[in-house]
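Residue strings, one per chain:
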Amino acid sequence: VLMSELAIIGGTGLTRLECFVTERREVMHTPYGEPSGALTFGALCDRDVVFLARHGYGHTIPPHMVNYRANLWALKEQGVERVVAVCAVGGILGDLTPASIVIPDQIIDYTWSREHTFFESDLSKVTHIDFTEPYSTAMREALLAAAGEAGVAVMPHGTYGASQGPRLETAAEIDRMERDGCHMVGMTGMPEAALARELGLDYAVIAVSANAAAGRGDSAISMAMIEKNLADGMEKVRVILEQLVTTTC
């Protein structure tokens, strides 16, 4: 049953939105195993939205262990057509300061050993998806328009470097990513984006800068600093999401 065409993948912060009302949760089972948690169906600013906590509702699943295939499959099975993924990143370039927001338009995958495709067995033919533009243009434009209407400053372009995790990167690894053209680094960008494309979902990312990447800041990276910057950045994300659903749902 189609409850909402829009899904949000992210942290538990969404449930603290002032106008988000949780209606029900549903445990899903997929051919690819169990999703990170139950799907939360609710209303955001009186618009139907499905929410999924990527790391589980207790934030206990590390990025390399997330069942990305089950997560995206479960959303597709519920009739979702558009997905906004909220991701924490480290800023590689100086203009991506802590708590700032970027809507990336490219991605480089440095992950390994993750289950990264639906097209691997029982195929009638080998399938290749076009991944030239990894994020949905329509979804990115909707996010940028919502940010503009809400008065939230965002970087409209950027390349996301997807690292394996769960450890943070070395300064030399960040240097390599910068040479490769990455503006930010995160651990959950892939294979989520590619799987969404395989399922035909309009998928885009709101990236929140949680810290300066390794070797880019004035001090060592601490969880206390990350949590503070994420709290500040998530306030901006909430404003964007509320504007998005008000104008497009």
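A brief structural summary.

The rules we used
- Residues numbered from 1 in each chain as written.
- Predicted model: local features only at pLDDT ≥ 70, side-chain atom pairs only at ≥ 80, totals over all residues.
- Heavy atoms only, no water.
- Helix = DSSP H or I, 4+ residues; strand = E, 2+ residues; numbered from the N terminus.
- Rg over C-alpha atoms; globule rule 2.2 N^0.38 Å.
- Buried < 20%, exposed > 50% of the residue type's maximum accessible area, 1.4 Å probe, protein only.
- Contact = heavy atoms within 4.5 Å.
- Areas by Shrake-Rupley, 256 points an atom, 1.4 Å probe, with all protein chains shown as cover.
- Lys, Arg positive; Asp, Glu negative; His and termini not counted.
- Charge placed at Lys NZ, Arg CZ, Asp CG, Glu CD.
- Core = buried A, V, L, I, M, F, W, Y, C linked by side-chain atoms within 4.5 Å.
- Phe/Tyr/Trp six-rings, centres within 6.5 Å; stacked < 30°, edge-to-face > 60°.
- Lys NZ or Arg CZ within 6 Å of the ring centre and 35° of its normal.
- Axes fitted to C-alpha atoms, helices over the stretch in contact; angles between N-to-C directions.
- Parallel < 35°, antiparallel > 145°, perpendicular 65-115°, else oblique.
- Left-handed = near helix turned anticlockwise from the far one by under 90°.
- Nonpolar A, V, L, I, M, F, W, Y, C, P; charged D, E, K, R; others polar.
- Salt bridge = Lys/Arg side-chain N within 4 Å of Asp/Glu carboxyl O.
- Pairing = 2+ DSSP bridges.

1. Points about the overall build of the protein chain
Line of reasoning, step 1. Helix and strand content of the protein chain: 5 helices and 10 strands.
Line of reasoning, step 2. The C-alpha radius of gyration of the protein chain comes to 17 Å, within 12% of the 18 Å expected for a compact globule of 249 residues.
Line of reasoning, step 3. With respect to the principal axes defined by its C-alpha atoms, the protein chain has extents near 50 × 45 × 30 Å.
Line of reasoning, step 4. By residue count, 50% of the 249 residues in the protein chain fall in the buried class.
Line of reasoning, step 5. For the protein chain, contacts bridging at least 24 residues in sequence account for 80% of all contacts bridging at least 6.
Line of reasoning, step 6. Roughly 11200 Å² of accessible area belongs to the protein chain as shown, and the carbon and sulfur atoms make up 52% of that amount.
Line of reasoning, step 7. Distance between charge centres in the protein chain, computed from 19 positive and 32 negative side chains, equals 2 Å.

2. Some remarks on the nonpolar core
Line of reasoning, step 1. Counting 36 residues, the largest nonpolar core has Leu-39, Tyr-160 and Tyr-203 as its most contacted members.
Line of reasoning, step 2. Listing elements by their share of this core, those giving two or more residues are β1 (6–10), β3 (39–44), β4 (47–53), α1 (68–77), β5 (82–91), β8 (159–162), α4 (192–198) and β10 (202–212).
Line of reasoning, step 3. Formed by 27 residues, the second largest nonpolar core is a distinct cluster that contains Cys-45, Val-49, Phe-51 and Ile-206.

3. Considering the packing of aromatic side chains
Line of reasoning, step 1. In total, this model carries 5 aromatic pairs according to the counting rule given.
Line of reasoning, step 2. On the numbers, 5.3 Å between centres and 65° between planes, the contact of Tyr-32 with Trp-73 is edge-to-face. Of the two residues, Tyr-32 sits in the loop between β2 (20–26) and β3 while Trp-73 sits in helix α1, which places them 41 residues apart along the sequence.
Line of reasoning, step 3. The exposure class assigned to Trp-73 is partly exposed, which follows from its relative accessible area of 24%.
Line of reasoning, step 4. Where Tyr-135 meets Tyr-203, the ring centres are 6.3 Å apart and the plane angle is 15°; that geometry is what we call stacked. Placement of the pair is Tyr-135 in the loop between β7 (106–109) and α2 (137–150) and Tyr-203 in strand β10, with a sequence separation of 68 residues. Each member of the pair, Tyr-135 as well as Tyr-203, is classed as buried.
Line of reasoning, step 5. Chaining the aromatic ring pairs together yields one cluster made of Tyr-32, Trp-73 and Phe-118.
Line of reasoning, step 6. The positively charged end of Arg-24 is found above the aromatic ring belonging to Phe-41, 3.9 Å away from the centroid.
Line of reasoning, step 7. We note Arg-25 situated over the ring of Tyr-57; from NZ or CZ to the ring centre the distance is 4.2 Å.

4. Regarding the packing of α2 against helix α5 (residues 223–248)
Line of reasoning, step 1. Following both chains from N to C, one finds α2 and α5 inclined at 110°, their axes separated by 8 Å at the closest point. Comparing the axis directions of α2 and α5 gives the class roughly perpendicular. The two elements α2 and α5 meet at a crossing, and its hand is right-handed. Contacts from Met-139, Ala-142, Leu-143, Ala-146, Ala-147, Glu-149 and Ala-150 in α2 reach Val-239, Ile-240, Gln-243, Leu-244, Thr-247 and Thr-248 in α5.
Line of reasoning, step 2. For the contact of α2 with α5, the class distribution of residues is 9 nonpolar, 3 polar and 1 charged.

5. Structural notes on the pattern of salt bridges
Line of reasoning, step 1. On inspection of all chains with the given rule, the structure shows 10 salt bridges.
Line of reasoning, step 2. For the salt bridge of Glu-192 with Arg-54, the shortest nitrogen-to-oxygen distance reads 2.9 Å. Note that Glu-192 is positioned in helix α4 and Arg-54 in the loop between β4 and α1, a separation of 138 residues in sequence.
Line of reasoning, step 3. One salt bridge in this structure joins Arg-69 and Glu-120, with 2.8 Å as the shortest N-O distance.

6. Considering the pairing of β4
Line of reasoning, step 1. Buried residues dominate β4, accounting for 5 of its 7 residues.
Line of reasoning, step 2. The sheet contact formed by β1 and β4 spans 4 bridges and is parallel. Opposite Gly-10, over in β4, you have Ala-53 as the bridge partner.
Line of reasoning, step 3. Here β3 runs beside β4; their pairing, made up of 5 bridges, is antiparallel. Within β4, the position partnered with Thr-40 by the bridge is Phe-51.
Line of reasoning, step 4. As consecutive antiparallel partners, β3 and β4 are separated by 2 residues, and within that stretch Cys-45 has a phi angle of approximately 55°, a positive value.

7. Observations regarding unusual backbone geometry
Line of reasoning, step 1. Between Gly-165 and Pro-166 the backbone carries a cis peptide bond, its omega angle lying at 0°.
Line of reasoning, step 2. Here the amide bond leading from Met-190 into Pro-191 is cis, since omega sits at 10°, within 30 degrees of zero.
Line of reasoning, step 3. If you check the backbone angles, Asp-46 has positive phi at about 65° while not being a glycine.
Line of reasoning, step 4. Residue placement: Asp-46 occurs in the loop between β3 and β4.
Line of reasoning, step 5. Positive phi, close to 50°, is recorded for His-59, a residue that is not glycine.
Line of reasoning, step 6. Of note, His-59 is situated in the loop between β4 and α1.

Keep in mind these values describe shape, not function.
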